[in-house]
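# Reading the structure
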Amino acid sequence: MHIQLLGPVRVSALRSGTPHLLPSAKMRHLLALLAWKPNSFVSDDEAVAHIWGEEHPKDPRATLYTWASRLRRHIGTVTSGRPGPDGPLVRRDGGYMLLTDPSDVDVHELRRLVRASRAARHAGRVEEAYELLDDALGRACGVPLADLSSPWADRARWSMELELLTARLQHAQLALASGRCQEVLAVLVELADRHPLDEAVAEILIRALYLAGRQADALGRYRLTRTVLVDQLGQEPGPALRDLHDMVLRRDPVLSQAAADPGC
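Structural notes, computed from the coordinates. Being a predicted model, the structure only gives us computed values, none of them experimental. (Residues numbered from 1 in each chain as written. Predicted model: local features only at pLDDT ≥ 70, side-chain atom pairs only at ≥ 80, totals over all residues. Heavy atoms only, no water.)

## Thoughts on the overall build of the chain
For clarity, the cut-off: Each helix is a run of DSSP H or I of at least 4 residues and each strand a run of E of at least 2, with the numbering of both proceeding from the N terminus. Burial classification: accessible surface area is computed with a 1.4 Å probe over protein chains only, and a residue below 20% of its type maximum counts as buried, one above 50% as exposed, and the rest as partly exposed. Two residues qualify as a contact provided that any one of their heavy atoms is within 4.5 Å of a heavy atom in the partner residue.
Within the chain one finds 11 helices and 6 strands. The principal-axis extent of the C-alpha atoms belonging to the chain is close to 70 × 40 × 25 Å. Taken over 264 residues, the chain has a buried fraction of 47%. By sequence separation, contacts in the chain at least 24 residues apart represent 63% of the contacts at least 6 residues apart.

## Overview of the pattern of salt bridges
Under the convention used in this document: Salt bridge, as used here, is a side-chain nitrogen of Lys or Arg placed within 4 Å of a carboxyl oxygen of Asp or Glu.
According to the stated counting rule, one finds 18 salt bridges in the structure shown. Where R61 meets D45, a salt bridge forms, and the shortest distance between an N and an O atom there is 2.3 Å. In this pair, R61 is assigned in helix α3 (residues 60-80) and D45 in helix α2 (residues 44-51), connecting sequence segments 16 residues apart. With relative accessibility at 45%, the residue R61 sits in the partly exposed group. For E236, the salt bridge is made with R226, and the minimal N-O distance between the two is 2.7 Å. Remark: R226 occurs in helix α9 (residues 215-233) and E236 occurs in the loop between α9 and α10 (239-250); sequence separation between them is 10 residues. Counted as one network, the salt bridges with shared partners bring together E127, E131, R180 and E183.

## Some words on the layout of surface pockets
Note the threshold: Grid points spaced at 1 Å over the protein atoms alone were grouped into cavities, where a 1.4 Å probe fits but cannot get out, and pockets, open sets with protein on both sides within 12 Å along at least five of seven lines, with lining residues defined by an atom within 4 Å of a point. Grid points are joined across faces, edges and corners, and a volume is the space filled by probe spheres set on the points. Charged residues are taken to be Asp, Glu, Lys and Arg, nonpolar residues to be Ala, Val, Leu, Ile, Met, Phe, Trp, Tyr, Cys and Pro, and polar residues to be all remaining types, Gly included.
Approximately 240 Å³ is the volume attributed to the largest pocket. Where the lining of the largest pocket is concerned, the elements lending two or more residues are α6 (151-177) and α7 (181-194). Looking at which element gives the most residues to the lining of the largest pocket, the answer is α6, with 6 residues. Among the residues making up the lining of the largest pocket, the classes are represented as 7 nonpolar, 2 polar and 3 charged.

## Topic: the nonpolar core
Selection rule: Nonpolar cores are built from buried Ala, Val, Leu, Ile, Met, Phe, Trp, Tyr and Cys residues. Side-chain atoms within 4.5 Å join them into one set.
Grouped together as the largest cluster of nonpolar side chains are 79 residues, with contacts concentrated most on L5, L31, L145 and W152. Setting aside chain neighbours within four positions, we find L5 in contact with A32, A35, W36, V105, D106, V107, P144, L145 and M160.

## Observations regarding the side chain of R180
Heads up, the rule is: Nitrogen and oxygen atoms within 3.5 Å of one another constitute a polar contact, given that in protein one can donate a hydrogen and the other can accept it, and given that sequence-neighbouring residues count only through two side-chain atoms.
Relative to the helices and strands, R180 resides in the loop between α6 and α7. Among the residues examined, R180 registers a relative accessible area of 15% and is labelled buried. Among the polar contacts listed, one links the side chain of R180 to the side chain of E127, at a separation of 2.6 Å. At 2.8 Å, the side chain of R180 and the side chain of S178 are in polar contact. Excluding its chain neighbours within four sequence positions, the residues that come into contact with R180 are E127, Y130, E131 and A175.

## Quick look at the pairing of strand β6 (residues 95-98)
Counted only if it meets this: Here the rule is simple: two strands pair whenever DSSP picks up at least two bridges between them.
Residues G95 and M97 line one face of β6 and the alternating positions Y96 and L98 line the opposite face, and both faces are buried. Strand direction decides the pairing type here: strand β4 (residues 42-43) and β6, joined by 2 bridges, are antiparallel. When the sheet's bridge partners are listed, S43 is paired in β6 with G95. Judged from the 4 bridges that link them, strand β5 (residues 89-92) and β6 form a sheet pairing that is antiparallel. The residue of β6 that forms the bridge with R91 is Y96.

Here it is in structure tokens:
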């Protein structure tokens, strides 16, 4: 079984299988909540609070039991071709658990690959680190929990988006270290446009533009970032970004040396 949270919530028999849409938002909420903490107990009260919030049904536990039974049958149909009482979704006294290998949930597998990439990078294996992050980011299928709307989903989505942004920046740093400037420019421009106040994103994009031989564009991106920061926050760029701007102006050779540093 494979569960997708890095995009619309979906379940499939295998990681390479066709993702199946769960027919109800409540079923998707319950699956996402349990997959967020696989093999961990989630009480009825916690599930009701996360799925319904203040506007819960008259008998929330009975309603939760109904949706859990439907989810269990649907998972059985997807994974074995027939509904049934057995499967990874189990009832415990006062709550539920999803018994599955964390690697069967895309966000947990992404985290494992990010940790492995970090270890490879610290060991100086830049190419391996890059490929591991490439694999990790290939699991993202759009906005996390894209088809869920609740305070819990909003918090989990924010957390996953932050993890994805961090992984993408690490991926871009490794790309610069291995001479792949052109390959990541489009992604970095998109990230900078989506996060115009994030100086870390702007810094990596400016480095990539400079290393790709586009000094004028790198300086232009700095001016754009400075304008946005001043207009929206009333502050100048931080020292790291200002120092980078000066280095780009001077065509400082340190920029090329830093790009080749596996620890960048």
